[in-house]
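# Inside the fold
Read off the chains here:
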Amino acid sequence: MLTDWTASEIIIRQSAFVGVLALMLLWEGLAPKRGRALPQLGHGAGNLAISIINSVALRLLLPLLAVDVALIAAERGWGLFNQPAVKELLPAPLVFLATLLLLDLAIYAQHVAFHYIRPLWRLHAMHHVDRDVDATTGIRFHPAEILLSMIYKIALVLILGAGAWAVILFEVVLNGTAMFNHANVRMPAPLDRILRLFIVTPDMHRVHHSVKKHETNSNFGFNLSLWDRLFATYRPEPEDGHKNMVTGLPGHETAPSANVLWSLTLPFRAQYWTKK
């Protein structure tokens, strides 16, 4: 049973990943928002290589991923939403929606933690040191961060008793929106204003990648824009405008961020431990 579900999840996730990434790359080619600091091919290939390393590392280091744990929790009655009293009280569609909302809130909280807890920031800095923020930046995370994030999600699934289909949908949406809101794309301003009432748009999230600390520590959401508004971390625009703002990490404007080995070893080199 777990094998069938795991195989299905891989097919669903990878199909969605390839489709969204291809669409974002096409959009970036047709309507880029900003100029580039690095050659696009080398930059994208480096970030894709890091993503592949992360996927392999997860499969090798964790015997069970979030969807596997969701199936076990459902079978054994673990977690809030698997309790008989809760099942009787709440209709399944409401549980499904509540699961998605709570998981999204939890990822917002995780993102904030990775900025303010120093050892976690050293891992997350590899994401922020990318000098060209585009769709592939959305898949550029340190393997240790990805591992910790999956363990965190597994714990959430156990506590909530999240359903397997809700977990799969959440993972697909999280991955897709990460590529979307990092994309270097031009969008009509009226459309952006409407969309960001509900979801995180590229212009909204780009502020988060500013070299200015007060801008970096804003707009933490990956999917819903609700949480940044609710917890007062929302910043509508960069001070210098999207065309003139500098993205990356302060003091790392010439860093070889497209180099995979340099990026993976960044958290372990003291001279690059940017203070938060």
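Presented here is an overview of the structure given in this document.

The next subject is the packing of helix H3 (residues 66-76) against helix H8 (residues 164-182). Contact pair H3 / H8: the axes reach a minimum separation of 8 Å and the direction vectors enclose 165 degrees. Between H3 and H8, the angle is such that the two are roughly antiparallel. Seen along the crossing, H3 lies across H8 with a hand that is right-handed. Two secondary-structure elements touch here, H3 through Ala66, Val67, Ala70 and Leu71 and H8 through Ala164, Val167, Ile168 and Glu171.

Another point: the side chain of threonine 99. One can find threonine 99 in helix H5 (residues 92-116). Look past the residues within four positions of threonine 99 in its chain and what remains in contact with it is Phe81, Ala162 and Ala166.

Membership of the largest hydrophobic core comes to 16 residues, with the highest contact counts inside it found for Leu62, Ala66, Met150, Ile154, Val157 and Val167. Where this core is concerned, the elements lending two or more residues are H3, helix H7 (143-160) and H8. Looking at this core, the element that brings in the most residues is H3, giving five residues. In contact with leucine 62, not counting residues within four places along its chain, are Ala57, Leu147, Met150, Ile151 and Ile154.

Looking now at the packing of aromatic side chains. One pass over the structure, following the stated rule, counts five aromatic pairs. Seen from their ring centres, tyrosine 108 and phenylalanine 220 are 6.2 Å apart, and the 85 degrees between their planes marks the pair as edge-to-face. Here tyrosine 108 is found in helix H5, whereas its partner phenylalanine 220 is found in the loop between helix H11 (213-216) and helix H12 (226-230), with 112 residues between them in sequence. Each member of the pair, tyrosine 108 as well as phenylalanine 220, carries the same accessibility label: buried. Their ring planes at 20 degrees and their centres at 5.6 Å tell us that tyrosine 108 and phenylalanine 231 sit as a pair that is stacked. Residue tyrosine 108 is located in helix H5, and its partner phenylalanine 231 is located in the loop between H12 and helix H13 (241-244); the two are separated by 123 residues in the primary sequence. Taking the relative accessible area as the measure of exposure, tyrosine 108 reaches 7% and is therefore buried. Taken together through their ring pairs, the aromatic side chains of Tyr108, Tyr116, Phe220 and Phe231 make up a single cluster. When the ring centre of tyrosine 234 is taken as reference, the NZ or CZ atom of arginine 229 above it lies at 4.3 Å.

Criteria and cut-off values
- Residues numbered from 1 in each chain as written.
- Predicted model: local features only at pLDDT ≥ 70, side-chain atom pairs only at ≥ 80, totals over all residues.
- Heavy atoms only, no water.
- Axes fitted to C-alpha atoms, helices over the stretch in contact; angles between N-to-C directions.
- Helix = DSSP H or I, 4+ residues; strand = E, 2+ residues; numbered from the N terminus.
- Parallel < 35°, antiparallel > 145°, perpendicular 65-115°, else oblique.
- Left-handed = near helix turned anticlockwise from the far one by under 90°.
- Contact = heavy atoms within 4.5 Å.
- Core = buried A, V, L, I, M, F, W, Y, C linked by side-chain atoms within 4.5 Å.
- Buried < 20%, exposed > 50% of the residue type's maximum accessible area, 1.4 Å probe, protein only.
- Phe/Tyr/Trp six-rings, centres within 6.5 Å; stacked < 30°, edge-to-face > 60°.
- Lys NZ or Arg CZ within 6 Å of the ring centre and 35° of its normal.

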